[in-house]
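Inside the fold
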2 protein chains.
Amino acid sequence: MKVTIKDVAREANVATSTVSRVLSDNPRISEETKIRVNEAIKRLNYKPNPIARSLAKNKTRILGVVLPNEADDLLSNPFFVNAMKGMSMYAQSKNYYITYAFSKNKENELENIKEMTQSHLVDGIIMLRVKENDESIEYLKDSKFPFVVVGRPENPDEILWVDNNNFQAMYEVVNKLIQKGHKRIGFVGAIKNLNMSKDRYKGYEKALEANKIKLDQSIIVYKDEFKESEGEFGCRELLKNEDLTAIIATDDLLAFGVLKELRSNKIKNIATVGFNNTQLAQYQKPPLASVDINADKLGYKAAKLLIETLEEEDKTNTNRHYIVKTEFIKRDSFM
Amino acid sequence: MKVTIKDVAREANVATSTVSRVLSDNPRISEETKIRVNEAIKRLNYKPNPIARSLAKNKTRILGVVLPNEADDLLSNPFFVNAMKGMSMYAQSKNYYITYAFSKNKENELENIKEMTQSHLVDGIIMLRVKENDESIEYLKDSKFPFVVVGRPENPDEILWVDNNNFQAMYEVVNKLIQKGHKRIGFVGAIKNLNMSKDRYKGYEKALEANKIKLDQSIIVYKDEFKESEGEFGCRELLKNEDLTAIIATDDLLAFGVLKELRSNKIKNIATVGFNNTQLAQYQKPPLASVDINADKLGYKAAKLLIETLEEEDKTNTNRHYIVKTEFIKRDSFM
DNA sequence: TTGTAAGCGTTATCAC
DNA sequence: GTGATAACGCTTACAA
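None of the values given here were measured: they were computed from a predicted structure. (Residues numbered from 1 in each chain as written. Chains lettered and ligands numbered in written order. Predicted model: local features only at pLDDT ≥ 70, side-chain atom pairs only at ≥ 80, totals over all residues. Heavy atoms only, no water.)

1. Points about the domain arrangement of chain A
Residues and elements named next belong to chain A. To be explicit about the condition: An automatic or database domain assignment provides the domain bounds reported here. Whether two residues touch is decided by their heavy atoms; if any such pair falls within 4.5 Å, the residues are in contact. Values labelled buried area give the accessible surface lost by two parts on being combined, using a 1.4 Å probe and summing over both. What makes a salt bridge here is a side-chain nitrogen of Lys or Arg within 4 Å of a carboxyl oxygen of Asp or Glu, nothing more.
Assigned domains of chain A: these are domain 1 (5-48), domain 2 (62-164 + 296-325) and domain 3 (166-292). For domain 2 versus domain 3, the separation of C-alpha centres amounts to 29 Å. Taken together, the contact pairs ten residues of domain 2 with nine residues of domain 3. Interface area for domain 2 against domain 3, summed over the two sides, is near 840 Å², with a carbon-plus-sulfur share of 35%. Linking domain 2 with domain 3 are one salt bridge. The shortest N-O distance in the salt bridge between Arg 152 and Asp 199 comes to 2.5 Å.

2. Considering the relation of the copies chain B and chain A
Where we set the bar: Copies are brought into register by a least-squares superposition over C-alpha atoms of residues with pLDDT of at least 70 in both.
For the pair chain B and chain A, the best superposition has an RMSD of 0.1 Å and corresponds to a rotation of 180° with a translation of 0.0 Å parallel to the axis. Considering both components of the superposition, the chain copies are consistent with a two-fold axis. When C-alpha distances to the rotation axis are compared across chain B, the minimum falls at Thr 99 of chain B, with a value of 2.2 Å.

3. Brief notes about the protein's contact with DNA strand D
The cut-off we apply is this: Near residues are defined by distance, with any heavy atom within 4 Å of the molecule or strand qualifying the residue. Here a polar contact is recorded for every N or O atom pair within 3.5 Å, except that within protein the pair must consist of a potential hydrogen donor and a potential acceptor, and residues adjacent in sequence are included only if both atoms are side-chain atoms. Every helix listed is a DSSP run of H or I at least four residues long, and every strand listed is a run of E at least two residues long, numbered separately from the N terminus. Amino acid classes used here: Ala, Val, Leu, Ile, Met, Phe, Trp, Tyr, Cys and Pro are nonpolar; Asp, Glu, Lys and Arg are charged; the rest, including Gly, are polar.
If you check the shell around DNA strand D, you find 26 residues, and the closest are Thr 18 and Arg 21 of chain A together with Ile 5, Ser 20 and Tyr 46 of chain B. For DNA strand D, the backbone makes up 60% of the atoms found within 4 Å of the protein, where backbone means sugar plus phosphate. Side-chain polar atom of Ser 17 of chain A to a base nitrogen of DNA strand D: 3.1 Å apart, as the coordinates give it. A distance of 2.5 Å separates a phosphate oxygen of DNA strand D from a polar side-chain atom of Thr 18 of chain A. Only helix 2 (16-23) and helix 4 (50-57) of chain A together with helix 2 (16-23) and helix 4 (50-57) of chain B provide two or more residues apiece to the surface near DNA strand D. Across the surface near DNA strand D, the residue classes tally to ten nonpolar, ten polar and six charged.

4. Regarding the side chain of Glu 261 of chain A
Residues and elements named next belong to chain A. Secondary-structure assignment places Glu 261 in helix 12 (residues 252-264). Only 3.2 Å separates the side chain of Glu 261 from the side chain of Arg 236, close enough to count as a polar contact. Leaving out residues up to four positions away in the same chain, Glu 261 has contacts with Glu 232, Cys 235, Arg 236 and Leu 239.

5. Regarding helix 12 of chain A
All names here are of chain A. Here is the rule: To estimate how far a helix should extend, the number of its residues minus one is multiplied by 1.5 Å. Only protein chains enter the accessibility calculation, which uses a 1.4 Å probe; a residue whose area is less than 20% of its type maximum is buried, one above 50% is exposed, and one in between is partly exposed.
The terminal C-alpha atoms of helix 12, which comprises 13 residues, lie 18 Å apart, in line with the 18 Å expected from a rise of 1.5 Å per residue. Listed as buried for helix 12 are Asp 252, Leu 254, Ala 255, Phe 256, Gly 257, Val 258, Leu 259, Glu 261 and Leu 262. Those residues of helix 12 that are buried lie in contact with strand 6 (185-190), helix 11 (228-238), strand 8 (246-249), strand 9 (271-275) and strand 10 (289-292). N-cap assignment for helix 12: the residue whose side-chain oxygen lies 2.7 Å from the backbone N of Leu 253 is Asp 251. Phi turns positive, to about 55°, at Lys 266, one or two residues after helix 12.

6. As for the protein's contact with DNA strand C
Taken together, 26 residues are adjacent to DNA strand C, and Ile 5 and Ser 20 of chain A together with Thr 18, Arg 21 and Thr 33 of chain B come closest. When the atoms of DNA strand C within 4 Å of the protein are grouped by moiety, sugar and phosphate amount to 60% of the total. Ile 5 of chain A is positioned with one of its backbone polar atoms (N or O) 2.7 Å from a phosphate oxygen of DNA strand C. Contact between DNA strand C and Arg 21 of chain A: a base oxygen at 3.4 Å from a side-chain N or O atom of the residue. Elements with a contribution of two residues or more to the surface near DNA strand C: helix 2 and helix 4 of chain A together with helix 2 and helix 4 of chain B. By residue number, the principal contributor to the surface near DNA strand C is helix 4 of chain A, which donates four residues. Its residues assigned to classes, the surface near DNA strand C comprises ten nonpolar, nine polar and seven charged.

7. Brief notes about the sheet that holds strand 10 of chain A
Residue and element names in this part refer to chain A. The line we're drawing: Note on pairing: two strands pair once DSSP finds at least 2 bridges between them. Helix axes are fitted only over the stretch in contact, all axes being lines through C-alpha atoms; the angle between N-to-C directions runs from 0 to 180 degrees.
In spatial order, the strands read 7-6-8-9-10-12; together these six strands make up an open sheet with mixed pairing. Two strands in the sheet have a free side with no partner beyond their single neighbour: strand 7 (220-223) and strand 12 (327-329). The sheet shows a mean angle of 20° between the axes of neighbouring strands, taken without regard to direction. With three bridges connecting them, strand 8 and strand 9 associate as parallel partners.

8. A look at the interface of chain B and chain A
On the chain A side, the residues contacting the 43 residues of chain B number 43 residues. Together, the buried faces of chain B and chain A total about 4,200 Å²; carbon and sulfur atoms form 64% of this surface. Linking chain B with chain A are seven residue pairs in polar contact (both at pLDDT 80 or more). Broken down by secondary-structure element, the contributors of at least two residues to the side of chain B that touches chain A are helix 4, helix 5 (71-76), helix 6 (78-93), strand 2 (97-102) and helix 7 (109-118) of chain B. Counting residues per element, the side of chain B that touches chain A draws most heavily on helix 6 of chain B, which supplies eight residues. When its residues are assigned to classes, the side of chain B that touches chain A shows 21 nonpolar, 17 polar and five charged.

9. So, the pattern of salt bridges
For the coordinates displayed, the defined rule picks out 28 salt bridges over all chains. Between Lys 260 of chain A and Glu 232 of chain A there is a salt bridge, with the nearest N and O atoms lying 3.6 Å from each other. With Lys 260 of chain A in helix 12 and Glu 232 of chain A in helix 11, this residue pair connects regions lying 28 residues apart in the sequence. Note on Lys 260 of chain A: relative accessible area 36%, which makes it partly exposed. The class of Glu 232 of chain A is buried, set by a relative accessible area of 16%. Across the pair Arg 184 of chain B and Asp 216 of chain B runs a salt bridge, and its minimum N-O distance is 2.9 Å. Within this pair, whereas Arg 184 of chain B is found in the loop between helix 9 (166-179) and strand 6 (185-190), its partner Asp 216 of chain B is found in the loop between helix 10 (195-210) and strand 7 (220-223), the two being separated by 32 residues in sequence. Given the relative accessible area of 22%, Asp 216 of chain B is considered partly exposed.

10. Some points on the pairing of strand 11 (residues 321-324) of chain A
All names here are of chain A. A one-sided burial pattern is seen for strand 11, the buried positions being Tyr 322 and Val 324 and the unburied ones His 321 and Ile 323. Of the pairings in the sheet, the one linking strand 5 (residues 160-164) to strand 11 comprises four bridges and is parallel in character. Bridge pairing in strand 11 places Trp 161 opposite His 321.

11. Remarks on the UniProt feature "domain: HTH lacI-type" (unreviewed entry) in chain A
Rule in force here: UniProt positions are given in the numbering used here, feature names are shortened, and annotations may be inferred rather than shown by experiment.
According to UniProt, the "domain: HTH lacI-type" (unreviewed entry) feature falls on residues 3-57 of chain A. End-to-end, the C-alpha atoms of residues 3-57 of chain A are 20 Å apart, and along that stretch the chain is 69% helix and 0% strand.

12. Focus: a positive patch on the surface
Cut-off, in case you're wondering: Think of a patch as exposed residues, more than 30% relative accessible area, with no salt bridge, where like charges cluster within 9 Å and nonpolar side chains (Val, Leu, Ile, Met, Phe, Trp, Tyr) cluster within 5 Å. Methods summary: accessible areas were calculated by the Shrake-Rupley approach with a probe of 1.4 Å, and residue burial reflects only the protein chains presented. Under the counting rule used here, the positive set is Lys and Arg, the negative set is Asp and Glu, and His together with the chain ends is not counted. Charged groups are reduced to one reference atom each: NZ for lysine, CZ for arginine, CG for aspartic acid, CD for glutamic acid.
The grouping of Arg 263, Lys 266, Lys 268 and Lys 285 of chain A together with Arg 263, Lys 266, Lys 268 and Lys 285 of chain B at the surface amounts to a positive patch. On the secondary structure map, Lys 285 of chain B appears in the loop between strand 9 (271-275) and strand 10 (289-292).

13. Section: the nonpolar core
Note the cut-off: Nonpolar cores were defined as sets of buried Ala, Val, Leu, Ile, Met, Phe, Trp, Tyr and Cys residues, with membership established by side-chain atoms within 4.5 Å.
Membership of the largest hydrophobic core comes to 90 residues, with the highest contact counts inside it found for Tyr 204 and Ile 248 of chain A together with Tyr 204 and Ile 248 of chain B. Excluding residues within four positions of it along the chain, Tyr 204 of chain B makes contact with Met 170, Val 174, Ile 185, Gly 186, Phe 187, Leu 215, Ile 219, Ile 220 and Ile 248 of chain B. Ranked by size, the runner-up nonpolar core spans 64 residues in total, among them Leu 67 and Ile 98 of chain A together with Ala 295 and Leu 305 of chain B.

14. Overview of the environment of Ala 190 of chain A
All names here are of chain A. Here Ala 190 shows up in strand 6. In this structure Ala 190 comes out as buried when scored by relative accessible area, which is 0%. Sequence separation between Ala 190 and Asp 224 is 34 residues; the distance between their C-alpha atoms is 5.3 Å. The residues contacting Ala 190, other than those within four sequence positions of it, are Ser 197, Tyr 222, Lys 223, Asp 224, Glu 225, Phe 226, Thr 250 and Leu 254.

Laid out in structure tokens, this is it:
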């Protein structure tokens, strides 16, 4: 029924070890037998059994991904699906498989990770978002299990990660606003102590500085969560400054709230920009300009980094990362 | 370093086969040794190696899912992510893993499926959408590879599937419209020969019939694709009938187009209902009423059906299916 | 009830 | 260059 390496060996009149060598492109094998074996393989339609191979090599070629399960994020944020797609694309090209686990809630993410590392099923793990003081990352680091993080971790030492240049992205957006003539640009952020938040804030700060615009703490607000309602509140606070001409939000959800608040105040002349280029951005009133973070590329590069690390001989180089370009998506709210 | 069944056997002073028996809850094993072995397992923090187990049992406990890669579907339609979540949830509860492959394009879906069936890696496959004359399904059926389909296939014989009752769902929606007083209800569908299309159309037909409303072909249009633009064209055709008071679309994307066309004609008194309860439905002008198909449950049940089939002794019962309830989500467009 | 040993399909080590 | 054969970690007859 199912054809194994033995059948191929018999068919080609060689030992199984020879077939195995042909399979792995071993150099010391004669052209002649290589051809003979390959013909046998084709004739029998032989496919190596990855399970047996995994057992012998102690490597599975399977990568694990733990996804958050909160409906909000997963559905409204194209980030996840896009990142998954990107990872899958690279993995497939390298004959790796990916298995996803949705963690039931925030609390048991570490649980899921532990299970994965101890499962003997995955060679490495990709983490799709970084929390501050991320215990999952701490755990992975301590356990020496190969992993890569999407999003620059707090302490990137000896961690493989992929991220956008959030500083640069924000710097450029604010610059664009300034070039449009804006001088009073409000800032709405959330969860201050995320690396991402810090970087975007710094980008804001430096762009103002580079343009000789004085930083004004009264038009900078931070909220607790990346939620539309928080954006509304934030905007309300900012509107106490009547000279505001633009508002930059560090996330689309916040920006949606800003737009909502502006609408309910019948304000039509304050430019607004968000981050992540969420699906819904284009459907806002007015359509929201946003910074696309290229999630598929983030995923792609994450898988690449992980697989490269898994396959390289000396594992000392544990400190690499990729930066993925962002793209400003101009829409009507940028005015 | 890594602890195997041998270590446990040594620790508990038994043979590896005994440990294996304890692991698999074999009945003929004394309480005493069971306890001893379990203690050893705990002491050594032993986790069975699923790869070795797979090789021995010739079963991997891994399910394969092939996803379409077209940005449209995958991102705008919450169906996929929700279904994936549902599948993942059930699989995890049964200690199964799921591996996803994004097919590069429609053409190579069959390619992906073939690869999966021959990979020796997955025990079964879940198909996430049915085309008409689906060659992937034909292939899977012919190859006797275990699989389940989300969406009732054309010829459901000897196929495991999960779906909504599309007939019923449509019947009820149209009934609701009629009860609201609507008598002239336009119908916009696409891809007529999909089972889903046929069922929804029949629901429409029967609901009219049950309410003694005469079927009028001139207010029924079919387009080529589930796209917003097709919805617009469809609506334009329907509007030739000036007495229309409601339009039912078999998909949210079509309904979006309908709403758009209505808006651009400044028509505000035609009720509209879509299907799938897409993320964007609530953001339409007016917010679109839609039928939620409970995608997570579809995925959950699909995984359940597949796993149950994989685990049952006699494989003769290849003809089961689940029906997942739909839910009408009322929004302003339902008036 | 428990142990022995063969077997799952590969790869890797060691001969020749 | 190629072939035997042990080994990977587990399950499962078959024995005892």
